[in-house]
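Report on the structure
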Amino acid sequence: MKRRPALDRSPVSVAAPSAAGLGAGARLDGLVEALRALETPDEVRRFLIDLCTPAELEAMADRWAVVPELAEGRAYREIHDRTGVSVTTVGRVARCLSLGAGGYRLAAERLGHLSPGAAFAVPGHEHTP
């Protein structure tokens, strides 16, 4: 399989096109624009089904399912027991909530899963509510 450069996950990344065509940042920008063009949940669902393999969709859905659980203050093991998502994945999602680009947090806040500025599970620290 051909290796591609990793996408810059910073919230304001701007990558110049590579000599071989559009760079990873420009391709991501194109995907973002395609998502923005969709108007209904059904359109987004259909696009994601066409875009992703079933395994990719399952992995993304699993990661998102962890966000409200972390927002509720549940322990990683309890989240695993409730969702079937691995404790490792729970930790990765928690790390993104803490140190990521802010996308999980923004979506969680807008959907009412998390209050603005609220705390959530810290990676590597089991806790109980």
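Let me sum up the structure you'll find in this document. (Residues numbered from 1 in each chain as written. Predicted model: local features only at pLDDT ≥ 70, side-chain atom pairs only at ≥ 80, totals over all residues. Heavy atoms only, no water.)

1. Brief notes about the overall build of the protein chain
If you tally the helices and strands in the protein chain, you get six helices and zero strands. The linear arrangement of helices and strands in the protein chain, starting from the amino end, is α-α-α-α-α-α. Pairs at least 24 apart in sequence give 43% of the contacts found in the protein chain among residues at least 6 apart. Of the roughly 9,200 Å² of accessible surface on the protein chain, 57% is carried by carbon and sulfur atoms. (Helix = DSSP H or I, 4+ residues; strand = E, 2+ residues; numbered from the N terminus. Contact = heavy atoms within 4.5 Å. Areas by Shrake-Rupley, 256 points an atom, 1.4 Å probe, with all protein chains shown as cover.)

2. Some remarks on the pattern of salt bridges
Overall, the coordinates contain six salt bridges when judged by the stated rule. Within this structure, Glu 69, Arg 74, Glu 78 and Arg 82 form a network of salt bridges that share partners. (Salt bridge = Lys/Arg side-chain N within 4 Å of Asp/Glu carboxyl O.)

3. Some remarks on the side chain of Thr 89
With respect to the helices and strands, Thr 89 occurs in helix α5 (residues 87-99). The exposure class of Thr 89 is buried, given its relative accessible area of 18%. Within polar-contact distance, the side chain of Thr 89 engages the side chain of Ser 86 at 3.0 Å. (Buried < 20%, exposed > 50% of the residue type's maximum accessible area, 1.4 Å probe, protein only. Polar contact = N/O pair within 3.5 Å; in protein donor to acceptor, adjacent residues only side chain to side chain.)

4. Regarding the packing of aromatic side chains
In the structure shown here, the tally under the stated rule is one aromatic pair. Pairing Trp 64 with Tyr 104 gives two aromatic rings, centres 6.3 Å apart and planes at 35°, and the pair type is tilted. Placement of the pair is Trp 64 in helix α3 (residues 54-71) and Tyr 104 in helix α6 (residues 103-110), with a sequence separation of 40 residues. On the basis of relative accessible area, Trp 64 is assigned to the partly exposed category, the value being 28%. (Phe/Tyr/Trp six-rings, centres within 6.5 Å; stacked < 30°, edge-to-face > 60°.)

5. A look at the nonpolar core
Listed in full, the 12 residues of the largest apolar core are Val 66, Val 67, Leu 70, Tyr 76, Ile 79, Val 85, Val 90, Val 93, Ala 94, Leu 97, Ala 108 and Leu 114. Those elements that place two or more of their residues in this core are α3, α4 (76-83) and α5. Broken down by element, the residue count for this core peaks at four residues, all from α5. In this structure, Val 93 is in contact with Arg 63, Val 66, Val 67, Leu 70 and Tyr 104, ignoring residues within four places of it in sequence. (Core = buried A, V, L, I, M, F, W, Y, C linked by side-chain atoms within 4.5 Å.)

6. Quick notes on the environment of Ile 79
Along the polypeptide, Ile 79 turns up in helix α4. In sequence terms Ile 79 and Val 67 are 12 residues apart; their C-alpha atoms lie 9.8 Å from each other. Ignoring any residue separated from it by four or fewer positions in sequence, one finds Ile 79 in contact with Val 66, Glu 69, Leu 70, Arg 74, Gly 84 and Val 90.

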